[in-house]
Amino acid sequence: MTVHALVLAGGTGTRFGATTPKQLLDLEGSTVLSHAVRRLAAHPGIDCIVLVTHAESAREAHRIAVAEAKVVAVVEGGRTRADSTRLGLAAVPGLADDDVVLVHDAARPLVTDTIVDACLHALDEHDAVTPAVDVVDTLVEVDDAGVILRGVDRRSVRRVQTPQAFRAGVLRQAHAAAAGEDAEPTDDCGVVLAHVPGASVAVVPGDERNLKITRPADLDLARRWLAED
Ligand SMILES: Nc1ccn([C@@H]2O[C@H](COP(=O)(O)OP(=O)(O)OP(=O)(O)O)[C@@H](O)[C@H]2O)c(=O)n1
Ligand SMILES: C[C@](O)(CO)[C@H](O)COP(=O)(O)O
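Conventions used here
- Numbering of residues starts from 1 in every chain and runs along the sequence as written.
- As they are written, the chains are lettered A onward and the ligands numbered 1 onward, keeping that order.
- Local features in a predicted model are, by the rule used here, given only for residues with pLDDT of at least 70; side-chain atom pairs are given and counted only at 80 or more, and totals for whole chains, interfaces and linings are based on all residues.
- Only DSSP runs of H or I with at least four residues qualify as helices, and only runs of E with at least two residues qualify as strands; both kinds are numbered from the N terminus onward.
- C-alpha atoms define the radius of gyration in this analysis, and the globule rule sets the expected value at 2.2 Å times the number of residues to the power 0.38.
- Burial is judged by counting the other C-beta atoms within 10 Å of a residue's own C-beta: 20 or more makes it buried, 12 or fewer makes it exposed, and any count in between marks it as partly exposed, with every C-beta position built from the backbone.
- For every residue pair, C-beta atoms are placed from the backbone, and the pair is scored as a contact if these atoms sit within 7 Å.
- Working rule for contacts: place C-beta from the backbone, and if it is within 6 Å of a molecule or strand, that residue counts as near it.
- For this classification, the nonpolar set comprises Ala, Val, Leu, Ile, Met, Phe, Trp, Tyr, Cys and Pro, the charged set comprises Asp, Glu, Lys and Arg, and every other residue, Gly included, is treated as polar.
- Here, a nonpolar core means buried Ala, Val, Leu, Ile, Met, Phe, Trp, Tyr and Cys residues linked by C-beta atoms lying within 7 Å of one another.
- UniProt positions are given in the numbering used here, feature names are shortened, and annotations may be inferred rather than shown by experiment.

Some points on the overall build of the chain
For step 1, the next point in the chain: The secondary structure content of the chain amounts to seven helices and twelve strands.
For step 2, the next point in the chain: For a compact globule of 229 residues, the expected C-alpha radius of gyration is about 17 Å, and the chain comes in at 17 Å, within 12% of that figure.
For step 3, the next point in the chain: With respect to the principal axes defined by its C-alpha atoms, the chain has extents near 55 × 40 × 35 Å.
For step 4, the next point in the chain: Counting every position in the chain, which comprises 229 residues, the buried fraction comes to 40%.
For step 5, the next point in the chain: Taking contacts inside the chain between residues at least 6 apart in sequence as the whole, the part at least 24 apart equals 69%.

Here it is in structure tokens:
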């Protein structure tokens, strides 16, 4: 059984507001993308990595591929995140249904071995696994006018992260069924839940430091946490 990782860097980073995609931003001398790939490549349980890039990130992705022996392919991503996963899956050489696929956001450069280990371990019992953290604020559901409709019990919700881990056959089945649909799922566990009836999808402990760089303040936090590592 081989463990493959897809690193998704096909987005534009609109919410960050920079002129280049956020995966190219500098984080203590290396790009955000390069941190994410380096951390996954250093995990002994991960055999090979496919980079899914935005056209503007292709040069950096190819540079990383030369430096990191585990990177076996670089492909251009799609319009949506799900399209990018689908294109990445198609580029994995020799992917067997009982192989494992980890799907990771390049925008999460502080992924740790502990998180990867937790995901891989839980995959012995589940079809798909995602790291997740607790919600500490009170949650409410609102209408379009911002009027609160009801409270949401925060004990029953989590904020999910990546890498998300899958049996390859399950992820392939889910994305084949989802292809062409109007919905734009924001993560791959959601695609499995929606399209693989009966699939067992579970959470394992994530880490607050495994943040997704979405807005400029996130980069400042990542810099601080990286310096503390
Ligand atoms: N078509 C897309 C959209 C997103 N992603 C990747 O999915 C991850 C999570 O997406 P997000 O943080 O939303 O990144 P962007 O789409 O780049 O940001 P924004 O939504 O602010 O435009 C990122 O690593 C991003 O590069 C991707 O590979 N292909
Ligand atoms: C996959 C993800 O990082 C899990 O939290 C998140 O859903 C990505 O969402 P985005 O809207 O693409 O930022």
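On we go from here.
Looking at the site of ligand 1
For step 1, the next point in the chain: Not every one of the 23 residues close to ligand 1 is listed here, only the nearest: L8, G10, G11, T14 and R15.
For step 2, the next point in the chain: For the shell around ligand 1, the secondary structure elements donating two or more residues are β1 (3–9) and α3 (81–90).
For step 3, the next point in the chain: Residue classes in the shell around ligand 1 are distributed as six nonpolar, eleven polar and six charged.

Some details on the site of ligand 2
For step 1, the next point in the chain: Taken together, R81, D105, V160, Q161, T162, T186, D187 and K212 make up all the residues around ligand 2.
For step 2, the next point in the chain: In terms of residue class, the shell around ligand 2 is built from one nonpolar, three polar and four charged.

Some thoughts on the nonpolar core
For step 1, the next point in the chain: Ranked by internal contacts, the top residues of the largest apolar core, which has 53 residues, are V7, L51 and L102.
For step 2, the next point in the chain: It is β1 that contributes the most residues to this core, six residues altogether.
For step 3, the next point in the chain: Ignoring sequence-local partners within four residues, the contact set of V7 consists of A36, V37, L40, I49, L51, V52, H104 and A106.

As for the environment of R86
For step 1, the next point in the chain: Residue placement: R86 occurs in helix α3.
For step 2, the next point in the chain: Sequence separation between R86 and A176 is 90 residues, and the spatial gap between their C-alpha atoms is 8.1 Å.
For step 3, the next point in the chain: Ignoring anything within four residues of it in the chain, the contact list for R86 reads G78, H175 and A179.

A word on the UniProt feature "site: Transition state stabilizer" (unreviewed entry) in the chain
For step 1, the next point in the chain: Per the UniProt record, "site: Transition state stabilizer" (unreviewed entry) is found at R15 and K22.
For step 2, the next point in the chain: Mapped onto the fold, R15 is located in the loop between β1 and β2 (26–27).
For step 3, the next point in the chain: Residue R15 is classed as exposed on the basis of its C-beta count, with 12 C-beta atoms lying within 10 Å.

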